[in-house]
Amino acid sequence: MVTRQTIRTVGEYDEVLSAEDLAELRDNLHQQLLFRREQLRQFATASRADDRGLREDAGRMEVGVKLAASARMVLADVEEALARMDAGTYGVCQLCRRPVERYRLLIVPQARHCGRCRQVREAGR
């Protein structure tokens, strides 16, 4: 049975970010920042251990290198999102300059683009 509480309209998602939303998003981004930095520290430690004794496991090392690269990309996105917050430009699409949807930021706090521009970019790839 579907209740009215589970049905949301687009208008409900497009609300302006409140001060509470921004505080929650900043906290989320800060936690991601700490997590990614620790993750990269662990990858660096594991990499040094791999260099010393596990050179034969090339597949494992390749996975580690790719995971570290991904963590660095996310870390850069998080740092940029925090910088946008500090600059007062957080939540503005970097392509069309329209607001990034509130629901999108709540799901992906480091989002740079509104949903429409994101779809256009992905379709162009």
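Residues numbered from 1 in each chain as written. Predicted model: local features only at pLDDT ≥ 70, side-chain atom pairs only at ≥ 80, totals over all residues. Heavy atoms only, no water.

Chemist: Before we move on, can you summarise the environment of Gln110 with the specific residues and values?
Modeler: The residue Gln110 is located in the loop between helix H4 (102–107) and helix H5 (115–123) in this model. Expressed as a C-alpha distance, the spacing of Gln110 and Glu80, which sit 30 residues apart in the sequence, is 7.7 Å. Ignoring sequence-local partners within four residues, the contact set of Gln110 consists of Leu29, Gln32, Val74, Asp77, Val78, Ala81 and Arg84. (Helix = DSSP H or I, 4+ residues; strand = E, 2+ residues; numbered from the N terminus. Contact = heavy atoms within 4.5 Å.)

Chemist: Tell me about the UniProt feature "zinc finger region: dksA C4-type" (unreviewed entry) in the protein chain, residues and numbers included.
Modeler: UniProt's feature table lists "zinc finger region: dksA C4-type" (unreviewed entry) at residues 93–117, given in the numbering used throughout. For residues 93–117, the helix share is 36%, the strand share is 0%, and the end-to-end C-alpha distance is 8 Å. (UniProt positions renumbered as here; feature names shortened; annotations may be inferred.)

Chemist: Explain the side chain of Arg104 to me, and be specific about the residues and the numbers.
Modeler: With respect to the helices and strands, Arg104 occurs in helix H4. Here Arg104 occupies a buried position and makes no salt bridge, while the nearest side chain of opposite charge, Glu101, is found at 4.6 Å. Not counting residues within four places of it along the chain, the set of residues in contact with Arg104 comprises Ala111, His113, Cys114, Gly115 and Arg118. (Buried < 20%, exposed > 50% of the residue type's maximum accessible area, 1.4 Å probe, protein only. Lys, Arg positive; Asp, Glu negative; His and termini not counted. Salt bridge = Lys/Arg side-chain N within 4 Å of Asp/Glu carboxyl O.)

Chemist: Can you break down the pattern of salt bridges residue by residue, with the values?
Modeler: For the structure on display, the rule yields 8 salt bridges. As a salt-bridge pair, Asp21 and Arg102 come within 2.8 Å of each other at their nearest N and O atoms. One end of the pair, Asp21, is in helix H2 (residues 19–53); the other, Arg102, is in helix H4, and 81 residues separate them in sequence. Judged by its relative accessible area of 8%, Asp21 falls in the buried class. When its relative accessible area of 18% is taken as the criterion, Arg102 is described as buried. Where salt bridges share partners, they join Asp77, Glu80 and Arg112 into one cluster.

Chemist: Any details on the nonpolar core? Residues and values, ideally.
Modeler: Formed by 19 residues in total, the largest nonpolar core has its most connected members in Leu29, Val78, Leu82, Met85, Tyr90 and Leu105. Those elements giving two or more residues to this core turn out to be H2 and helix H3 (58–87). Here this core gets 8 residues from one element, more than from any other, and that element is H3. Once you skip the residues sitting within four places of it in the chain, Val78 turns out to touch Leu29, Gln32, Leu33 and Gln110. (Core = buried A, V, L, I, M, F, W, Y, C linked by side-chain atoms within 4.5 Å.)

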